[in-house]
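Now for the letters of each chain:
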Amino acid sequence: MTLGHQPSMFDVAEEAALTPLRGRVRRHVLSRGAWVDHLPGWVTGSDEVLEALLGDIGWRADRRQMYDREVAVPRLLRWYGRGEVLPHPLLAEARTALDAHYAPELGEPFVTAGMCLYRDGRDSVAWHGDRLGRSRTEDTMVAIVSFGSPRPLLLRPVGGGEGRRFPLGHGDLVVMGGSCQRTWEHCIPKTTRRVGPRISVQFRPAGVA
Ligand SMILES: O=C(O)CCC(=O)C(=O)O
């Protein structure tokens, strides 16, 4: 992968490491049983994780049907199922830490890791909720760790209402929980600003997609 990436001037730690979650994650309560937890800078030394993810890890370009034509999905995708070895050890540590922190509330472990590569500002994901699996009918959590160029995650209530905006920078954590996938929608909008690559790593419980 030959995407231009400038090492961060702010994240000078050499080895990737996690900072504590307890007492530092801030919960933002949304409406109708939805919430978002946010922890900027959860991972330090994120450059080495980004470098690994920008390597040849099997990114694929997807296509989808849009009315009568097939169009390219504007981002690259890589899906890690249960038991698949993740491309950097920090990611396995992150999943373990998320399990330890959220298990009492979630009641089950995070199992899959979906990854999206936004190559530049033209890549995006449109408004949606993750409602293909159990999340269509059940409360759940989707934990996202972001690497690379900052991009905002926007949220809005289904059916209209005031939205929310969470900036997602290098090493930041955001967790969408409760009814968020059913009662709210989220997106990563395109931008005309010159931005470098961003990779989103999404941890989900089994059967949530
Ligand atoms: O890029 C992100 O952090 C969000 C990705 C997302 O919403 C999805 O893949 O369903």
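Residues numbered from 1 in each chain as written. Predicted model: local features only at pLDDT ≥ 70, side-chain atom pairs only at ≥ 80, totals over all residues. Heavy atoms only, no water.

A.B. asks: What is the right way to look at the environment of Asp62 in this model?
C.D. replies: With respect to the helices, strands and loops of the structure, Asp62 is situated in strand E5 (residues 60-66). Considered as a pair, Asp62 and Phe203 are 141 residues apart in the sequence and their alpha carbons are 20 Å apart. Residues in contact with Asp62, not counting those within four places in the same chain, are Val71, Ala72, Val73 and Leu77. Here the side chain of Asp62 touches Arg60 through a polar contact of 3.1 Å, side chain to side chain. (Helix = DSSP H or I, 4+ residues; strand = E, 2+ residues; numbered from the N terminus. Contact = heavy atoms within 4.5 Å. Polar contact = N/O pair within 3.5 Å; in protein donor to acceptor, adjacent residues only side chain to side chain.)

A.B. asks: So what exactly am I meant to see when it comes to the site of the ligand here?
C.D. replies: The environment of the ligand is formed by Arg75, Cys116, Tyr118, His128, Asp130, Ile144, His186, Ile188, Arg198, Ser200, Gln202 and Arg204. One of the side-chain N or O atoms of Asp130 is found 3.3 Å from an oxygen atom in the ligand. Arg198 is positioned such that a nitrogen or oxygen atom in its side chain is 2.8 Å from an oxygen atom of the ligand. Burial of the ligand by the protein chains amounts to 95% of its free accessible area of 300 Å². Elements represented by at least two residues in the shell around the ligand include exactly strand E7 (112-118), strand E13 (184-188) and strand E14 (198-204). If one sorts the elements of the shell around the ligand by residue count, E14 sits on top with four residues. Split by residue class, the shell around the ligand holds four nonpolar, four polar and four charged. (Near = heavy atom within 4 Å. Areas by Shrake-Rupley, 256 points an atom, 1.4 Å probe, with all protein chains shown as cover. Nonpolar A, V, L, I, M, F, W, Y, C, P; charged D, E, K, R; others polar.)

A.B. asks: Even after reading the chapter, I still don't get the pairing of E14, so can you show me in this structure?
C.D. replies: A regular strand carries its side chains on alternate faces of the sheet. For E14, the tally of buried residues reaches seven of seven residues, placing the bulk of the element in the interior. Because side chains alternate across E14, one face comprises the buried residues Arg198, Ser200, Gln202 and Arg204, and the other comprises Ile199, Val201 and Phe203, equally buried. Summarising the sheet, E7 and E14 pair through seven bridges and their orientation is antiparallel. Paired with Thr112 across the strands is Arg204, a residue of E14. In this sheet, E14 lies alongside strand E9 (residues 142-148) in antiparallel orientation, the contact comprising six bridges. Bridge pairing links Gly148 to Arg198 in E14. (Buried < 20%, exposed > 50% of the residue type's maximum accessible area, 1.4 Å probe, protein only. Pairing = 2+ DSSP bridges.)

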